[in-house]
Amino acid sequence: MGSFLQTRTPFTVLPTPLPQDQQSSADNAFFTDSSTCDLLAVMDACLHNAYDVPRAKEIFEEMRTKKNSDLHPRLYNTFLQAYLQLATTNEPHKKALWMEDFWDLFDVMESGSEAVNPTAGTYTLALLAWMRFSAEDSPTIVPGITQTTPTDLLRSVIDRQLSVTMVVSDRSIPSSEEAGKMIQLLSKAAVQLNLSKVVTELGQAEALGSRMDSVDSIPDVRPVTVQKKITNEDGTVSDSEESEIPFNLEVLRKHLAQVSLARRVLTDDVAARQKLLEESVYDVAVERLRRQAEIFQELGIDNKGYREPDLQQWLWDWHQKLQARLKEDIALVVQEENQPVPNKQATRIGPFVSLIKPEKLSLIAILEIMRMQGTGGVSEGMKTARALIVVGRAVEAEYKAEMCRKNNIAIPTNLGRAADKGYFSRLSYQDLHARRVTARKYMEDAEEWTSDWTQVVRVRVGSFLVDRLMEVAKVTRTATHKVTGELVTEEQPAFSHSYEYLRGYKLGVIKINPTVSERLAKDGLRETLHPRHLPMLVKPRPWLNYNEGGYMYNPSAAMRFKDSQEQQAYLKHASAQGNVELVFAGLDVLGSTPWQVNRRIFDVVLQVWNAGHRLGKLPPAVYDQPEPEKPEDMDTDPKARTVYLTRQRVWLQNKANNHSERCSVNYKIEIARAFLGDTIYLPHNLDFRGRAYPIPPHLNHIGDDLSRGLLLFAEAKPLGERGLRWLKIHLANLYGFDKATFDERVAFVHERLDEVYDSADHPLDGRGWWQKADDPWQCLAACMELKAALESPDPLAYECCFPVHQDGTCNGLQHYAALGGDARGAKQVNLDSADRPSDVYTYVANMVEKRILDDLEKGGNTKEVMTTVYGVTFIGAREQIERQLKDRGDVPYEDTFYASAYLAKKVLQCIGDLFQGAQDIMNWLTLSARLIAKSVPGDRVTDAMAFDTSRRGRAVTTLPTTRLRKEQMTAVVWTTPLGLPIVQPYRKTKRKQIMTSLQTVYISDPNAPAEVNAQKQASAFPPNFIHSLDATHMLLTALECRTQGLTFASVHDSYWTHPSSIDQMSEIIRDTFIALHSSDVLSRLESEFRERYKGYKVPLVSLQTNQMLRQLGADTFADAVVSVDDVTAEAAPSAGDFVPSTDWVEDEEDADDRMTEKEPKGSLRSTRRRPKVAQADGVGAGDEDQDDKVYQMPPNVLKGKFVNLTDLLPPLPPKGEFDVNKIKSSLYFFS
């Protein structure tokens, strides 16, 4: 592994995106603009079921004329299939016209004139067209339409080295009869061409196709039936002579019929069940709602006045009304859009809302809106813009899932064979790559072409559905009249639209009726759970590409792109080049870990849940915290009034949060209940930094304490002596006793075995020792497991499924200490050997306490931190400390912000003093990122200095504004040791206004490139880089554990396996960490920057802020001023033609660099200006007394001056003497 990691990692290099008003062929090849995405999406929707092929053809011809790079062979095949469908079924009277288009397009592909090569599916469609319209025995022959024969087609198939079997088994063949006829035609052609191997291959394909299913000869099981009820004319109900299958059994038989069919494609019954789970979710939801409505009607309680409001009944009522409304409105929309109105062509949504039946559209809208309740910081509601996008995206996902399910594609499952010989050799890597390319090619050929929708399309489709849902969804609400005391009943909308102020911004929100919200927290939520939110019953699809893997039929992406087109382009390109094979393999390992629901914990959780109590971090059914008392002097004392209103607002927010948490827990319990007794799997994907997360969001091991307590490994292993010891250590860790030695932790458990047994036997009516633990539900699960092991006949042979964790000690600082060779820091985070675990948290806390006492003696002001600028690290630290202070409750809420800011400053100062090596590396990373973000590609410098003509009407009193800021498009990109390209997505937000029937929605367009946010690029780079390293360490460990046969799961820097495997995994953790940091990570990063950004230029005007000068140093800046490239645009006027201002105002973004967190309203900081001192000579950036000054030179001196980025990159900080190999002897490195 060590030698593998030390080989040169291949970089994925793409051009920097151009500004929105610029275009080039290279830019278009990698970054598709919004207008092209819109055209592709419209073309896809128009081709589906031949909705509007002429319009799709018009768009297609235009894009072919422009030689657009987004046109793929599958798209050409889709048009061939559409032409064939029109000639055969839709418009047979125009078959000559459509077949002429068919063969013209086929000839284009065959000739290669448009650089699009035919696939096996292309020749399948050509053979079908020949059989239907050119064969002598065809009843619908079109004479003279083509000279191509089956012999010509077979010759082309062989010349292109395509599989003949794939041709005769393509998804486009509609019947077995045509498949058999095609085999006969090709066999005859093969004989003529003397291709004996092809004849044999076709004979084998025919034999395989005629094989009977093993279940076909078995008689059907006779179903249990009940007498059918009939209603007589007088209204009475009696038994009919006929019988019917009970509802549940009928649904089961429907599903099992599909299982029998699925066996022909998928050899595993569980795989078929997974398919049913994914494909029939909406159908089953409708069946369940319909049957419940029928039961209420049979019992005579369908009148709403006789029973409590029921969530399922409401859903059924809304669904019936909404689907009827959608049928009418979609027909009207299609009719209106077919009218010739050229100026509205771009906004048509008819093709998109016609992709899915109204029945499914209705349920998607209802379930997605219900699922979003309480999100985005909106109590009992959601943000309008987000809701519309989510509903539109759900429609898009269902359409694509339907296209996947349509073809019954077998899923490749044998990509992990490299694990037998290990992953870390060139031969294994090449074998893994070859397997993945083969499987990916098979999947692509088998699936139909579809296009991604733009945000605008999603918003419009979402608005169309949500608007109609809000109109038809009603509930009956009953309340007591405040004056008369009588019960008042009225019908109210289930959803309403309003505006709220959130963090100072006016936002449109969709609110849920309080009656619905209350029922949502009580009733079962099975109907609102989509398969993409659920675990899987089979191992996930292996990751074959950046967008192929995970769920079998619901599309997923290997990375959560955060609406960044650049990230997607990099991963797509890296995947095509074969640079990320080990990353995909690592995701496959994580997803293939089998899990099960812990029945013992589930029973306790369900009992607590149904009782509605607060216990073990479970929120109560009714919020149990007292409301703040109104002070008597509230009307006379402004401060008392402010404090009361603040506490009242916090109480209301906490009450709303309790309801949201209750709904979240409800999801977890419902999912756990649904999968009791099953083996489940959690497909994984990555965030943009390379960290792995389970795709199912509700119940997974990366979730909260409850989620982890509910999960066990599905595979059991004998405990053994070491495993029993580690189980006890793990129990002590979960309780919170994790700073002692291992022996002391074992003794801690031995001394409390009575409490452990009491917790396991009497979790709710005992002494409740487990409830005081840091992680109570996991602690209870460990108590039950330890008791079961100790009471078994042979505790060492006890089959244990319980996962035991190994956690890093402040893992980010561990990586910093290893990167910098920091011996002092290494001891503090357990990289070096020691008799006891080092407690860095207590050490830093003592340092902070001493400094606080010093400040108290000096009479310091806690608000002084607001004048100090910090980056993301400070903001995150302050927020964490603020949450802790609120939980403690000993600091008034109104003081927690300033107290947490003060403490965060002290904590970071102490960490910086203790880990000086980490601070030096962090400074190097920050400065490098800032320089990169300020740079411009060398070929764009001339354009950058051109004057911006978009700003007109301004008086020319200062230097004209150039395009420089618009051209600063360079994001920080680096490559992990496993070849994964990481692209920081931080760019300035550009929003697009969209008019909807609900409100005007402003959305960010990921396809519209914007300038980078230099401040965020710089401040976020150190933590993101460290996260990419810990993600690499985790994936290396996962791959090596698979090679050695260990079960493995992870939560970032917490690694899980069976207790008996902990010693083996601990050794692997150390080996992979040593191998990673022995590959000289920082030197490789510096080399990559110098290679990736070679030729990039930094404008000198971007270097003159005080922060940049202080980091660069005076000498570096002085050298830069002397040795520069003068690349001022030739067409630009000279500086002498303008009158320079007397006070050159600082760059807007440089001003932003000094404020990384919002100031309180009315703060002096938000209005004051820093002094500006222009200095032409003697920059003096190192003078600490001048930190508040912005060192400037006259504008005509720096105008048009650029310096090479690679000349400005600072040298790496010197590395210390710590030997990373010492980690092998550290007991507490991960513990």
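Counting from 1, residues in each chain are numbered in the order their sequence is written. Local features in a predicted model are, by the rule used here, given only for residues with pLDDT of at least 70; side-chain atom pairs are given and counted only at 80 or more, and totals for whole chains, interfaces and linings are based on all residues. The basis for the side-chain values is all heavy atoms of the structure; hydrogens and waters are excluded.

Caption draft 1: Inspection of the overall build of the protein chain at higher detail. Check the secondary structure of the protein chain and you find 46 helices and 27 strands. By residue count, 52% of the 1231 residues in the protein chain fall in the buried class. Nonlocal contacts in the protein chain, meaning residues at least 24 apart in sequence, comprise 73% of its contacts between residues at least 6 apart. Only DSSP runs of H or I covering at least 4 residues are called helices, and only runs of E covering at least 2 are called strands; the numbering of each starts at the N terminus. Think of it in three bands: with a 1.4 Å probe and only protein chains considered, a residue is buried below 20% of the maximum accessible area for its type, exposed above 50%, and partly exposed in between. Here, two residues are considered to be in contact whenever any of their heavy atoms come within 4.5 Å of each other.

Caption draft 2: Summary view of the sheet that holds strand E6 (residues 495-502). Two strands form a pair only when DSSP identifies at least two bridges running between them. Pairing is antiparallel across the open sheet formed by 3 strands, whose spatial order is E3-E7-E6. At either margin of the open sheet sits one strand with a lone partner, and together these are strand E3 (381-383) and E6. In this sheet, neighbouring strand axes are inclined to one another by 35° on average, regardless of whether the strands run parallel or antiparallel. Summarising the sheet, E3 and strand E7 (residues 505-512) pair through 3 bridges and their orientation is antiparallel. Opposite methionine 382, over in E7, you have isoleucine 510 as the bridge partner. Helix axes are fitted to C-alpha atoms over the stretch in contact, other axes to C-alpha atoms as well, and angles between N-to-C directions run from 0 to 180 degrees.

Caption draft 3: A look at the packing of aromatic side chains. Aromatic rings from Phe, Tyr and Trp, taking only the six-membered ring of Trp, are treated as a pair when their centres fall within 6.5 Å; an angle between ring planes under 30 degrees marks them as stacked, one over 60 as edge-to-face, and anything in between as tilted. Tallying each qualifying case throughout the model produces 31 aromatic pairs. Ring centres of phenylalanine 60 and phenylalanine 79 lie 4.1 Å apart, and the angle between their planes is 15°; on these two criteria the pair is classed as stacked. Highlighted residues: phenylalanine 60 in helix H4 (residues 53-65) and phenylalanine 79 in helix H5 (residues 73-90), separated in sequence by 19 residues. For phenylalanine 79, a relative accessible area of 0% translates into the label buried. Each ring, one from tryptophan 974 and one from phenylalanine 1021, has its centre 5.0 Å from the other, and the planes form 65°; the classification is edge-to-face. With tryptophan 974 in strand E17 (residues 973-975) and phenylalanine 1021 in helix H39 (residues 1014-1043), this residue pair connects regions lying 47 residues apart in the sequence. Feature note: the residues Trp974, Phe1021, Phe1025, Phe1089, Tyr1093 and Tyr1096 constitute an aromatic cluster, connected by ring pairs. By definition here, charges over rings are those cases where NZ of Lys or CZ of Arg is within 6 Å of the ring centre and within 35 degrees of the ring normal. When the ring centre of phenylalanine 464 is taken as reference, the NZ or CZ atom of arginine 468 above it lies at 3.9 Å. Here the guanidinium or amino end of arginine 662 rests over the ring plane of tryptophan 609, the centre of that ring lying 3.5 Å away.

Caption draft 4: Just the state of the cysteines, in detail. The definition used for a disulfide is geometric: two cysteine sulfur atoms within 2.5 Å. Evaluation of the coordinates by the stated rule reveals 0 disulfides. This cysteine, cysteine 779, is not joined by any disulfide, and cysteine 783 carries the nearest cysteine sulfur, 4.2 Å off. The thiol sulfur of cysteine 801 is not disulfide-bonded, and the nearest other cysteine sulfur, from cysteine 800, lies at 6.6 Å.

Caption draft 5: How the structure looks around the pairing of strand E4 (residues 474-480). As judged from the 7 bridges shared by E4 and strand E5 (residues 487-493), these two strands associate in the antiparallel manner. Along E5, the bridge assignment pairs arginine 477 with glutamate 490. From the end of E4 to the start of E5, which pair antiparallel, there are 6 residues, and glycine 485 there has a positive phi angle of about 80°.

Caption draft 6: Spatial organisation of the confidence of the model for the protein chain. pLDDT gives the predictor's per-residue confidence on a scale running from 0 to 100. In the predicted model, the protein chain carries a mean pLDDT of 79, and the fraction of residues at 70 or more is 77%. Of the regions scoring below 50 in pLDDT, residues 244-268 engages in 45 contacts with residues more than four places distant in sequence or in other chains.

Caption draft 7: Region of interest: the nonpolar core. In this description, a nonpolar core means a group of buried Ala, Val, Leu, Ile, Met, Phe, Trp, Tyr and Cys residues linked to one another through side-chain atoms lying within 4.5 Å. Of all hydrophobic cores here, the largest spans 176 residues; its most connected members are Trp777, Leu831, Phe1025 and Phe1089. Per element, the largest residue contribution to this core is 13 residues, and it comes from H39. Among residues more than four places away in sequence, those in contact with phenylalanine 1025 are Leu819, Leu925, Trp974, Val1081, Leu1082 and Leu1085.

Caption draft 8: Looking closely at the environment of isoleucine 1026. Locating isoleucine 1026 in the fold gives a position in helix H39. Here the alpha-carbon distance between isoleucine 1026 and tyrosine 816, two residues 210 residues apart in the chain, equals 7.8 Å.

Caption draft 9: Looking closely at the sheet that holds strand E22 (residues 1054-1057). Read from one edge to the other, the open sheet built from 3 strands follows the order E16-E22-E21, with strand pairing classed as antiparallel. With partners counted over all chains shown, the strands left at the sheet margins are strand E16 (804-807) and strand E21 (1049-1051), one partner each. Shown here is a sheet whose adjacent strand axes are inclined to one another by a mean of 25°, direction ignored. Relative to E22, E21 is paired through 3 bridges, and the arrangement is antiparallel. Across the sheet, valine 1051 pairs through a bridge with serine 1054, a residue of E22.

Caption draft 10: Highlighting helix H29 (residues 753-761). Every buried residue of H29 is accounted for by Val756, Asp758, Ser759 and Ala760. The inward-facing, buried residues of H29 abut helix H27 (720-735) and helix H30 (776-791).

Caption draft 11: Focus on the pattern of salt bridges. The term salt bridge refers to a pairing of a side-chain nitrogen on Lys or Arg with a carboxyl oxygen on Asp or Glu at a separation within 4 Å. Under the defined criterion, the tally for this structure stands at 45 salt bridges. The salt bridge involving glutamate 751 is made with arginine 752; its shortest N-O contact spans 3.3 Å. One network of salt bridges, in which partners are shared, links Arg325, Asp329, Asp467, Arg468 and Glu471.

Caption draft 12: Focus on unusual backbone geometry. Positioned with a positive phi, alanine 115 is a non-glycine residue whose angle comes to about 55°. Within the secondary structure layout, alanine 115 lies in the loop between helix H6 (95-111) and helix H7 (120-133). Unlike most non-glycine residues, glutamine 161 shows phi in positive territory, near 60°. On the basis of relative accessible area, glutamine 161 is assigned to the exposed category, the value being 73%.

Caption draft 13: Examining the packing of H5 against H6 more closely. The interhelical angle for the contact between H5 and H6, taken along N-to-C directions, is 160°, at an axis separation of 8 Å. Viewed along their axes, H5 and H6 adopt a mutual orientation that is roughly antiparallel. Judged by the sense of rotation from one axis to the other, the crossing of H5 with H6 is left-handed. On H6, the residues touching Pro73, Tyr76, Asn77, Phe79, Leu80, Tyr83, Leu84, Leu86 and Ala87 of H5 are Lys95, Trp98, Met99, Asp101, Phe102, Leu105, Phe106 and Met109. Roughly parallel means an angle under 35 degrees; roughly antiparallel, over 145; roughly perpendicular, 65 to 115; everything else is oblique. By convention, the crossing between two helices is left-handed when the near helix turns anticlockwise from the far helix through less than a right angle, and right-handed when the turn is clockwise.

Caption draft 14: Examining the side chain of glutamate 1086 more closely. Relative to the assigned elements, glutamate 1086 resides in helix H41 (residues 1081-1092). Its relative accessible area of 17% is what places glutamate 1086 among the buried residues.

Caption draft 15: View of helix H20 (residues 455-472). For H20, built from 18 residues, the straight-helix expectation of 26 Å at 1.5 Å per residue is met to within 8% by its first-to-last C-alpha distance of 26 Å. The buried fraction of H20 is high, at 16 of 18 residues. Helices are assigned an expected span. That span is 1.5 Å times one less than the residue count.

Caption draft 16: Structural context of the environment of leucine 47. As for its position among the elements, leucine 47 is in helix H3 (residues 34-47). A relative accessible area of 7% places leucine 47 in the buried class. Considered as a pair, leucine 47 and alanine 82 are 35 residues apart in the sequence and their alpha carbons are 6.8 Å apart. In contact with leucine 47, not counting residues within four places along its chain, are Ala56, Leu75, Thr78, Phe79 and Ala82.

Caption draft 17: How the structure looks around the environment of arginine 1070. Within the secondary structure, arginine 1070 is located in helix H40 (residues 1062-1077). Sequence spacing of arginine 1070 and serine 1225 is 155 residues, and the spatial spacing of their C-alpha atoms is 9.3 Å. With residues near it in sequence (within four places) discarded, arginine 1070 still touches Ile1223, Lys1224, Ser1226, Leu1227, Tyr1228, Phe1229 and Phe1230.

Caption draft 18: Region of the structure containing the packing of helix H31 (residues 811-820) against helix H36 (residues 916-934). Packing of H31 against H36 brings their axes to within 9 Å, and their N-to-C directions diverge by 90°. By the angle between their directions, the pair H31 and H36 is classed as roughly perpendicular. Contact residues: Leu813, Tyr816, Leu819 and Gly820 in H31; Ala918, Ile921, Met922 and Leu925 in H36. Polar here means any residue other than Ala, Val, Leu, Ile, Met, Phe, Trp, Tyr, Cys and Pro, which are nonpolar, and Asp, Glu, Lys and Arg, which are charged; Gly is therefore polar. Split into classes, the residues belonging to the contact of H31 with H36 amount to 7 nonpolar, 1 polar and no charged.

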